[in-house]
Amino acid sequence: MIRNVLVAMFGASVAAAPGYAADITEAPEPAPAVVETTPAFVWTGGYVGLQGGGGWLNSDLSVPGASTSEDFSGGIFGAFAGYNYQMGDWVVGVEGDVSYNWNDKNFTVFGASTEVGTDVSGSVRGRVGYTLSEKALLYGTGGWAVTRGFVDVAGAPKEKETFNGWTIGGGIDYAFTNSMFGRAEYRYNDFGDKDAGGVNVDLDQHQFTVGVGVKF
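Rules used in this analysis
- Residues numbered from 1 in each chain as written.
- Predicted model: local features only at pLDDT ≥ 70, side-chain atom pairs only at ≥ 80, totals over all residues.
- Heavy atoms only, no water.
- Core = buried A, V, L, I, M, F, W, Y, C linked by side-chain atoms within 4.5 Å.
- Buried < 20%, exposed > 50% of the residue type's maximum accessible area, 1.4 Å probe, protein only.
- Helix = DSSP H or I, 4+ residues; strand = E, 2+ residues; numbered from the N terminus.
- Contact = heavy atoms within 4.5 Å.
- 1 Å grid on protein atoms, 1.4 Å probe; cavity = no way out; pocket = protein on both sides within 12 Å on 5 of 7 lines; lining within 4 Å.
- Points joined across faces, edges and corners; volume = space filled by probe spheres on them.
- Nonpolar A, V, L, I, M, F, W, Y, C, P; charged D, E, K, R; others polar.

K.L.:
What's the story with the nonpolar core in this structure? I'm lost.
P.N.:
With 14 residues, the main nonpolar core has Leu61, Val116, Val151, Phe191, Val201 and Leu203 as its most contacted residues. Of all the elements in the fold, those that place two or more residues in this core are strand E1 (45-63), strand E5 (136-153), strand E7 (180-196) and strand E8 (199-215). Those residues in contact with leucine 203 that lie beyond four places of it in its chain are Leu57, Asn58, Ser59, Thr118, Thr147, Phe163, Asn189, Asp190, Phe191 and Gly192. Counting residues in hydrophobic clusters, the runner-up holds eight residues, among them Phe41, Phe80, Val91 and Phe181.

Right under this line is the structure:
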């Protein structure tokens, strides 16, 4: 009797073994795939960059009883830095720049050989922009502008003067990556007038620059 019970138990265990083994070796279901999302680009943050281009300067020169006007142009190279804050599709910010201008020209003023030019210039401006797409920012800008000008009249000491005025313009920034962007910008600068070398000098300038910046 005992032998029959043992034989029956053995047979049942043998029959159940394949199913048990199948339960043990059954592969676990694969984990759900993790989808990585790229964060949306935003303009908020500080930035610095380099820019270069050209400037077209007009100089109105006058002395009592006579006046003349001269146009001259030259290259521009400099640096800029600023901070943006994005609110939806709108971006506001502040920016400053400093550049060197190769603006100088020799000509005759009232019978005397005269060299007039500007060299160092800069500005501090506000900016308001609108995002045309996630990475394209169209903006307007305006604020205070300054330049150092000089008048060198033959037979007289060379005089340098700092001209203060205003600037206004606009441009477009385009982000190539999350940290690097390119820029194209036009500005009109009215530097006001000063007396230098016995001549009243009134300066205004059109400038166009392109640049590249790094966003923090």
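K.L.:
What is the right way to read empty space enclosed by the protein from this model?
P.N.:
Take a probe with the size of a water molecule and roll it over the atoms, and the empty space left behind shows itself. If you walk through the whole model with that rule in mind, you get one cavity of 30 Å³ or more. As a volume, the largest cavity reaches approximately 60 Å³. Considering the residues around the largest cavity, the lining is formed by Ile76, Asp97, Ser99, Ser121, Gly122, Ala145, Val146, Arg187, Asn189, Phe191, Gln205 and Gln207. When contributions to the lining of the largest cavity are tallied by element, the ones reaching two or more residues are strand E3 (90-109), strand E4 (112-133), E5, E7 and E8. With three residues, the single largest contributor to the lining of the largest cavity is E7. Along the lines of polarity and charge, the residues of the lining of the largest cavity split into four nonpolar, six polar and two charged.

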